[in-house]
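Architecture at a glance
This is what each chain is made of:
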Amino acid sequence: MPAVTADTLTLPRVPSPAGAGLRWREVTKTVTARRQMEGEGFEVRRPFPGMDLAVADPFLLLDHLGAVEYGPGEAKGAPWHPHRGFETVTYMLDGAFEHTDSTGGGGLITEGATQWMTAGAGVLHSELPPQDFVAKGGLFHGIQLWVNLPRSLKWTPAQYQDITAGQTVLLSSDDGGSLLRVIAGDLAGHRGPGMTRTPITYVHATVSPGAKLGVPWPQEFNALVYVLAGRGTVGTERRPLEEGQLAVLGPGEALTLRASEGQDYNGSRTGWEVLLLGGLPIREPIARYGPFVMNTKAEILQAVEDFQNGRLGTTAPQPVPHRTATDAPLDEDGDGDGDGAVEAEVR
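Note that the structure is predicted; figures quoted are calculated from it, not measured.

A few words now on the pattern of salt bridges. Applying the stated criterion to the full structure yields eight salt bridges. A salt bridge links Arg45 to Glu243; its shortest N-O distance comes to 2.9 Å. Taken together, the residues span a long stretch of sequence, with Arg45 in strand S4 (residues 42-48) and Glu243 in the loop between strand S22 (239-242) and strand S23 (245-249) at a distance of 198 residues. Across the pair, Glu243 and Arg45 agree in class, each one buried. Arg46 is the partner of Asp63 in a salt bridge, and the nearest nitrogen-oxygen pair spans 2.5 Å. Of this pair, Asp63 sits in strand S5 (residues 59-70) while Arg46 sits in strand S4; the two residues are 17 residues apart in sequence, bridging distant segments of the chain. Across the pair, Arg46 and Asp63 agree in class, each one buried. Each of Arg84, Glu305, Asp306 and Arg311 takes part in one network of salt bridges that share partners.

Here it is in structure tokens:
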């Protein structure tokens, strides 16, 4: 699991939160990801949807692809399919994915890189392993996250961001025992390169065996911890969490995690690999049908009709610059396919 690596002793450090009255977030529930097939026939592990989506808001779906060692000719992807009403964020740890979409966006997503697609008003896209990877096989490991858009941004023109491994913001824990990769949002004043419309924080952490990690977390955000590899504990109550499991945390100002001493299996030899996810809840009604996520059933029916009549994916490409440390977020106010069921949730 190479992703992006660095010497933690040379990186900016995130001070561990401290002080009288500090509220550490505690685990309210844990979820074990269920396995299912997607695309051309590849397996994903999906911790949500499947639990109450209100606790994941503004996130809609998390698919864990791999880690799997493909033989020659075995790698599969997701050919052309539509989306409307949200964003897909694909982060690769091992192997590669080739993205193409109907706005002209696309490129090769390699180890440590992230592809951020705003479906918005509608887009068609394809996600496939490159032909040389299919021919030779190899280790494949990635994550796709769906981020909802509020009603006011559902009709945003489709856009595409290509975030290379070198653009990821790298930080260290205060004791140097953890490597933190900030993909989007803000962690202790350090902002990741992803340009977000819905305010979120997305961090990939490698916690050394036996090390403890404490980070500040916005009070107005929810907080989720998902394990990519290895095992450890979450919260001051030290709730066990291992590969393929998600922890939902309650209110507070900071997160604390501790890696188990033994990290010697499934690609976790260098440490406990976890995703730290949080966002500002949108709290709007959700109507969902497979690759479309809107606010009403009528809007879903319109999306299906627009797709069937070739009206998706006609917006002109709009390149998005990467965020710098001085940039403001686009909106301060604030893949595999879904299960195919129409459902409305009022937040």
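The strand order across the open sheet formed by seven strands is S3-S4-S5-S12-S7-S10-S13, and the pairing between neighbours is antiparallel. Edge positions in the sheet fall to strand S3 (34-38) and strand S13 (159-163), since each of these pairs with one other strand and no more. Averaged over all pairs of adjacent strands, the angle between strand axes in this sheet comes to 20°, irrespective of strand direction. As paired strands, strand S7 (residues 86-94) and strand S12 (residues 138-148) are joined by eight bridges and run antiparallel to one another. Residue Phe86 lies in a different strand from S12, and its bridge partner there is Asn148.

An order of S1-S14-S15-S18-S25-S20-S23-S2 is seen for the eight strands of this open sheet, with the pairing classed as mixed. Strand pairing shows two members of the sheet lacking a second neighbour, strand S1 (13-14) and strand S2 (27-32), which therefore form its edges. Where strand S20 (residues 223-229) meets strand S25 (residues 272-279), five bridges bridge the pair, whose relative direction is antiparallel. Looking across to S25, one finds that Leu224 is bridged to Leu277.

Residue position: Ala18 is located in the loop between S1 and S2. Each C-alpha atom, one on Ala18 and one on Val215, is 9.8 Å from the other, the two residues being 197 residues apart in sequence.

So, on to the packing of aromatic side chains. Using the criterion set out here, one finds five aromatic pairs in the structure. Taken together, the aromatic side chains of Tyr70, Phe97, Phe133 and Phe140 make up a single cluster linked through ring pairs.

What counts and how
- All residue numbers refer to position in the chain's written sequence, counted from 1.
- Only residues with pLDDT of at least 70 are given local features in this predicted model, and only at 80 or more are side-chain atom pairs given and counted; all residues enter the totals for whole chains, interfaces and linings.
- The side-chain numbers reported here are obtained from all heavy atoms of the structure, hydrogens and water having been left aside.
- Salt bridge criterion: a side-chain nitrogen from Lys or Arg within 4 Å of a carboxyl oxygen from Asp or Glu.
- Secondary structure counts use DSSP, requiring at least four H or I residues in a row for a helix and at least two E residues in a row for a strand, with both numbered from the N terminus.
- Per-residue accessibility, obtained with a 1.4 Å probe over protein chains only, is compared with the maximum for each type, and a residue is labelled buried under 20%, exposed over 50%, and partly exposed between these values.
- Think of it this way: DSSP has to see at least two bridges between two strands before they count as a pair.
- Inter-axis angles, ranging from 0 to 180 degrees, are taken between N-to-C directions of lines fitted to C-alpha atoms, where helices are fitted over the stretch in contact.
- Between rings of Phe, Tyr and Trp, where Trp is taken as its six-membered ring, a pair exists when centres lie within 6.5 Å; planes separated by under 30 degrees are stacked, by over 60 edge-to-face, and by other angles tilted.

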